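# Secondary and tertiary structure notes
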Amino acid sequence: IYSKSGNKGEAKVNIHLLRNDLHYLNGSQIYCPDNQNDIGRVVFADSTEFVRCENFFIEVLGETPQAILGRRTTGDFDRLLQGTGAYGTSSSTSAVGIANLNYDMIRVERENGQTLPVSTRLCFIIGGEIVNANKKSVSKFLPESNRKEFNVFLKANKIKWSKVDHLQKVLEYISPLLGK
């Protein structure tokens with residue numbers, strides 16, 4: 001865990017998808033930092049990295065000095081709470097939250113849990129802002145004089161906005177333009 005002030009620490013961590021908060025273990029107790037926005041970057045053992053931006057932890061998929069290509073993952077609680085009633089009618093249920101901050105008890109109770117559906121969106125972080133990975137949103141951050149060239153680049157490379165390898169090309173293309 002790297003703070004924005006440059007401090008470094010190690011712990012077993014989890015990114016909680018309800019409020020997009022970082023939780024960490026100290027013994028068998030779960031803690032949550034007082035100010036989540038003081039966290040700059042989280043690096044997991046498998047080298048997966050997350051940065052904090054606009055109250056979200058964004059998985060880093062690519063990075064240049066000017067921008068980051070990322071994946072924002074959030075819990076899809078609407079889908080979790082939806083059920084299907086008889087004859088195709090829909091029903092909703094409400095979740096009862098039990099706050100248990102003892103990790104050992106959570107491990108024992110997890111067998112009673114339900115898999116949380118997640119929603120993922122590809123995005124860029126430009127100038128400290130989360131920018132949805134689409135032509136319109138990214139174009140707004142480019143200098144006016146480069147937008148036509150950007151459109152030509154997109155067509156020539158047949159960019160698909162849902163493919164990470166295509167967005168890597170977009171990141172490489174836009175980064176020098178963002179410094180202007």
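Bear in mind that the values here come from a model prediction, so they are computed numbers and not experimental data.

Let us look at the overall build of the chain. When helices and strands are counted, the chain shows five helices and twelve strands. Going through the 180 residues of the chain one by one, you find that 31% of them count as buried. Considering only contacts in the chain between residues 6 or more positions apart, those separated by 24 or more positions represent 52%. Carbon and sulfur atoms make up 48% of the accessible area of the chain, which amounts to about 11800 Å² in all.

On to the sheet that holds strand β12 (residues 129–132), then. Read from one edge of the open sheet, seven strands run β1-β5-β6-β7-β8-β11-β12, paired in antiparallel fashion. Pairing within the sheet leaves two strands with one partner each, and these edge strands are β1 (2–3) and β12. Where strand β6 (residues 49–53) lies against strand β7 (residues 56–63), four bridges are found, and the strand directions are antiparallel. Across the sheet, residue R52 finds its bridge partner in β7, namely F57.

In this section: the packing of aromatic side chains. Per the counting criterion, the structure on display carries four aromatic pairs. Consider the rings of Y24 and Y31, whose centres lie 5.8 Å apart with planes at 25 degrees: the pair is stacked. Using a relative accessible area of 37% as the deciding quantity, one classes Y31 as partly exposed. Between the aromatic rings of F44 and F50, the centroid separation amounts to 5.6 Å while the plane-to-plane angle is 80 degrees, which identifies the pairing as edge-to-face. Of the residues examined, F44 reaches a relative accessible area of 26% and is grouped as partly exposed. A connected cluster of aromatic rings, assembled from ring pairs, spans F150, F153 and Y173. The ring of F56 has R72 sitting right over it, with the charged end atom 4.9 Å from the ring centre.

The next point concerns the pattern of salt bridges. Taken as a whole and assessed by the stated rule, the structure comprises five salt bridges. Across the salt bridge formed by R41 and E49, the nearest N and O atoms sit 2.4 Å from each other. Across the pair R71 and E59 runs a salt bridge, and its minimum N-O distance is 2.9 Å. Of this pair, R71 sits in strand β8 (residues 67–75) while E59 sits in strand β7, placing them twelve residues apart in sequence. If you follow the salt bridges from partner to partner, you end up with R41, E49 and E63 in one network.

Let us look at the confidence of the model for the chain. The pLDDT averaged across the chain works out to 84; a share of 79% of its residues lies at or above 70. Here residues 85–100 scores under 50 on pLDDT; set against residues more than four positions off or in separate chains, the count is 14 contacts.

What counts, and at which threshold
Residues numbered from 1 in each chain as written. Predicted model: local features only at pLDDT ≥ 70, side-chain atom pairs only at ≥ 80, totals over all residues. Heavy atoms only, no water. Helix = DSSP H or I, 4+ residues; strand = E, 2+ residues; numbered from the N terminus. Buried < 20%, exposed > 50% of the residue type's maximum accessible area, 1.4 Å probe, protein only. Contact = heavy atoms within 4.5 Å. Areas by Shrake-Rupley, 256 points an atom, 1.4 Å probe, with all protein chains shown as cover. Pairing = 2+ DSSP bridges. Phe/Tyr/Trp six-rings, centres within 6.5 Å; stacked < 30°, edge-to-face > 60°. Lys NZ or Arg CZ within 6 Å of the ring centre and 35° of its normal. Salt bridge = Lys/Arg side-chain N within 4 Å of Asp/Glu carboxyl O. pLDDT = per-residue confidence, 0-100.

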